[in-house]
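Residue-level structure breakdown
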Amino acid sequence: MSAFPPGFSGSYDPADVTFLLTPVVVDFVDVAAKEALIQSGRKHYSEMLAREKSPSPEYMAVFHQAFAANRDRVGRDVARLAKALAARGEGSEIVLVSLARAGTPIGVLLRRTLVALGRMAVHYSVSIIRDRGIDPLAMAAILARHDPASIVFVDGWTGKGAIGGELARAIAGDFPQLTSAPFCVLSDLAGVATLAAGDEDYVIPSAILNGIISGLISRTVLSDDLIAPGNFHGCMLLDDLADLDLSRWYVDEQMSDVRNHLPRARAADWGETDRARAAAISTAFVEVMMQRTGITDRNRVKPGIGEATRALLRRMPERLFLRDPQDGDVDHLVALASSKGIAVETLADLPYSACAIIKTLGDA
């Protein structure tokens with residue numbers, strides 16, 4: 001067995017995940033300055049980080065409310081995905097490769113569930129960046145140690161399918177031995193996943209928070225100034241938020257719901273008809289929202305609860321559309337929009353629960 005480059009587990013149990021990332025120190029950029037640099041093309045989003053702030057007590061209360069309301073659904077869907085994965089290649093190991101960060105908590109839950117089902121499972125978390133692909137050194141390290149047939153890619157959800165497309169291009173161009181590796185998510189709004197529990201737009205609680213529910217690591221970064229040749233993509237270690245960390249608490253709590261569903265859960269089955277239907281809805285929706293809001297860059301349309309949440313946490317949205325503002329699943333979005341002074345509009349015909357529109361800046 002070949003030597004393996006060092007990894008780390010963040011604030012997770014080392015048995016749950018190995019992050020193949022390079023810890024770096026980044027000079028933080030103000031959110032508004034970051035948005036201007038992205039939109040003007042002067043910098044790629046992966047070259048910058050804004051400081052992650054401590055959530056307010058009010059927002060944390062909304063998180064716990066959302067967790068209580070959705071933990072059963074997540075438990076059901078993790079159990080269904082794990083049963084489908086456990087049916088693959090009986091007796092061999094399953095190598096989960098989650099896409100940091102949104103995929104990491106789901107990868108931890110799946111690893112634990114597969115072990116509970118009697119399967120050998122290991123879990124790595126690697127960086128994938130829109131327009132720049134998956135970390136080739138991290139993937140090479142995994143492939144040097146594991147059978148390509150054992151690999152399963154994991155993310156939390158899909159929005160427009162940008163990361164799913166990025167993964168498909170990377171596999172086709174650099175890792176043809178992984179052509180058959182499934183891409184697995186809880187909810188596939190974009191219709192690009194190989195395996196999903198469905199395309200229901202509901203709150204996946206790990207989407208509501210940032211690093212404090214993802215192992216105390218930042219979003220991944222890639223810049224020549226930060227990452228020397230031969231190193232994995234980078235991340236910041238968020239040690240300053242350690243007092244607020246819920247990473248282990250979340251997966252420990254969520255696993256009780258997974259275990260409740262395991263005896264009766266049926267294996268997830270996400271076929272071509274399901275994908276085509278979800279993809280058609282997604283494509284038409286993005287076009288409609290671009291026309292409705294007058295924007296020309298589809299990257300500024302953030303459909304679904306997960307993508308809208310990340311936009312409100314990390315970007316500068318100008319509008320938030322909700323299908324039903326009274327729906328408990330969007331309470332955290334209403335709270336975020338209110339705290340940031342973002343206009344909320346109701347669109348009863350939305351195919352999803354939410355959609356955020358990123359602000360167009362004057363110098364872009």
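Counting restarts for each chain, with residues numbered from 1 along the sequence as it is written. Under the rules for a predicted model, residues below a pLDDT of 70 receive no local features and side-chain atom pairs below 80 are neither given nor counted, while totals for whole chains, interfaces and linings still include all residues. As a rule here, side-chain values cover all heavy atoms of the structure and leave hydrogens and water aside.

**Examining the overall build of the protein**
Put simply, the rule reads: Secondary structure elements follow DSSP: runs of H or I of four or more residues count as helices, runs of E of two or more count as strands, with numbering from the N terminus. Only C-alpha atoms enter the radius of gyration, while the globule expectation follows 2.2 Å times N to the 0.38, with N the number of residues. It only takes one pair of heavy atoms within 4.5 Å for two residues to be counted as in contact.
What the protein contains, in helices and strands, is nine helices and 15 strands. The C-alpha radius of gyration computed for the protein amounts to 19 Å, which stays within 12% of the reference 21 Å derived for 364 residues, consistent with globular compactness. With the principal axes as the frame, the protein shows a C-alpha extent of 55 × 50 × 40 Å. For the protein, restricting intrachain contacts to residue pairs at least 6 apart in sequence, the fraction spanning at least 24 positions comes to 79%.

**Observations concerning the pairing of strand β6 (residues 151-154)**
Under the convention used in this document: For every residue, the accessible area (1.4 Å probe, protein chains only) is compared with the maximum for its type, and the residue is labelled buried under 20%, exposed over 50%, or partly exposed between those bounds. Here, strands pair whenever DSSP counts at least two bridges between them.
Of the two faces of β6, the one lined by Ile151 and Phe153 and the one lined by Val152 and Val154 are each fully buried. Across four bridges, the pairing between strand β3 (residues 94-100) and β6 is parallel. Bridge pairing in β6 places valine 95 opposite isoleucine 151. Summarising the sheet, β6 and strand β8 (residues 183-185) pair through two bridges and their orientation is parallel. Note that in β8 the partner of valine 154 across the bridge is cysteine 184.

**Things to note about helix α1 (residues 31-40)**
For α1, the complete set of buried residues consists of Lys34, Glu35, Ala36, Leu37, Ile38 and Gln39. For α1, the elements touching its buried residues are α8 (304-314) and β15 (354-358). Immediately beyond the C-terminal end of α1, within one or two residues, lies glycine 41, with a positive phi of roughly 80°.

**Considering empty space enclosed by the protein**
Applied cut-off: Any residue with an atom within 4 Å of a point lines the site, the site being either a cavity, points on a 1 Å grid over the protein atoms alone where a 1.4 Å probe fits but cannot get out, or a pocket, an open set with protein on both sides within 12 Å along at least 5 of 7 lines. Grid points are joined across faces, edges and corners, and a volume is the space filled by probe spheres set on the points. All residues other than Ala, Val, Leu, Ile, Met, Phe, Trp, Tyr, Cys, Pro, Asp, Glu, Lys and Arg, Gly among them, are scored as polar; the first ten of these are nonpolar and the last four charged.
Counting across every chain of the model gives two cavities of 30 Å³ or more. A volume near 760 Å³ is recorded for the largest cavity. Secondary-structure elements contributing two or more residues to the lining of the largest cavity are α1, β3, β4 (121-129), β7 (157-158), α5 (162-174) and α8. With four residues, α8 is the largest single contributor of residues to the lining of the largest cavity. Across the lining of the largest cavity, the residue classes break down as 15 nonpolar, eight polar and 11 charged. There is about 100 Å³ of room inside the second largest cavity. Within the residue set of the lining of the second largest cavity, elements represented by two or more residues are β7 and α8. Considering every element that reaches the lining of the second largest cavity, the biggest residue donor is α8, with five residues. Considering only residue class, the lining of the second largest cavity consists of nine nonpolar, six polar and three charged.

**Here's the deal with the packing of helix α2 (residues 57-86) against helix α3 (residues 103-116)**
To keep it simple, the criterion reads: Only C-alpha atoms enter the line fits that serve as axes; for helices the fit covers just the stretch in contact. Angles between N-to-C directions range over 0 to 180 degrees. Any angle from 65 to 115 degrees is called roughly perpendicular, while one under 35 is roughly parallel, one over 145 is roughly antiparallel, and all others are oblique. A clockwise turn of the near helix away from the far one marks a right-handed crossing, whereas an anticlockwise turn of less than a right angle marks a left-handed crossing.
The contact between α2 and α3 brings their axes to 9 Å, and the two run at 60°. As summarised for this structure, α2 and α3 are arranged oblique, according to the angle between their axes. Crossing handedness for the pair α2 and α3: right-handed. Where α2 approaches α3, its residues Val78, Leu81, Ala82, Leu85 and Ala86 are matched on the opposing element by Leu109, Leu110, Thr113 and Leu114. For the contact of α2 with α3, a count of residues per class yields eight nonpolar, one polar and no charged.

**Side note on the pattern of salt bridges**
Here is the rule: Salt bridges are counted wherever a side-chain nitrogen of Lys or Arg sits within 4 Å of a carboxyl oxygen of Asp or Glu.
Enumeration over the complete set of coordinates arrives at 19 salt bridges. The residue arginine 76 makes a salt bridge to aspartate 77 at a minimum N-O spacing of 2.8 Å. In the salt-bridge network here, residues are joined through shared partners; they are Arg73, Arg76, Asp77, Glu200 and Asp329.

**Describing the environment of alanine 102**
Structurally, the position occupied by alanine 102 is in the loop between β3 and α3. Alanine 102 sits 109 residues away from glycine 211 along the chain, and the two C-alpha atoms are 9.7 Å apart. Sequence-distant contacts of alanine 102, defined by excluding residues within four places in its chain, comprise Asp155, Gly156, Trp157 and Arg310.

**Examining the packing of α3 against helix α6 (residues 247-261)**
Relative orientation of the contacting elements α3 and α6 amounts to 50°, with a least axis distance of 10 Å. The pairing of α3 with α6 is recorded here as oblique in orientation. In this structure, α3 crosses over α6, and the sense of that crossing is right-handed. On α6, the residues that touch Pro105, Val108, Leu109, Arg112 and Thr113 of α3 are Tyr250, Val251, Asp252, Gln254, Met255 and Val258. Broken down by class, the residue content of the contact of α3 with α6 amounts to seven nonpolar, two polar and two charged.

**Here we look at the packing of aromatic side chains**
Operational definition: Side-chain rings of Phe, Tyr and Trp, where Trp is taken by its six-membered ring, are said to pair if the distance between their centres is within 6.5 Å; with planes under 30 degrees apart they count as stacked, over 60 as edge-to-face, and otherwise as tilted.
Going through the model one piece at a time under the given rule, you end up with seven aromatic pairs. Measuring from ring centre to ring centre gives 6.4 Å for phenylalanine 63 and phenylalanine 67, while their planes differ by 10°; the resulting arrangement is stacked. Remark: phenylalanine 67 and phenylalanine 63 occur in helix α2; sequence separation between them is four residues, near one turn of the helix. Residue class for phenylalanine 63 comes out buried when judged on its relative accessible area of 0%.

**So, the layout of surface pockets**
Of the pockets and cavities examined, the largest pocket occupies roughly 810 Å³. Lining of the largest pocket is provided by 37 residues; of these, Arg51, Lys53, Asn210, Leu313 and Lys340 occupy positions nearest its centre. For the lining of the largest pocket, the secondary structure elements donating two or more residues are α1, α2, α8 and α9 (331-340). The greatest single-element share of the lining of the largest pocket, amounting to four residues, is contributed by α9. Here the lining of the largest pocket is composed, by residue class, of 19 nonpolar, six polar and 12 charged. Roughly 200 Å³ of internal volume is contained in the second largest pocket. Residue lining of the second largest pocket: 16 residues in total, with Gly164, Leu167, Ala168, Ile171 and Thr179 positioned closest to the centre. Residue composition of the lining of the second largest pocket, by class: 10 nonpolar, five polar and one charged.

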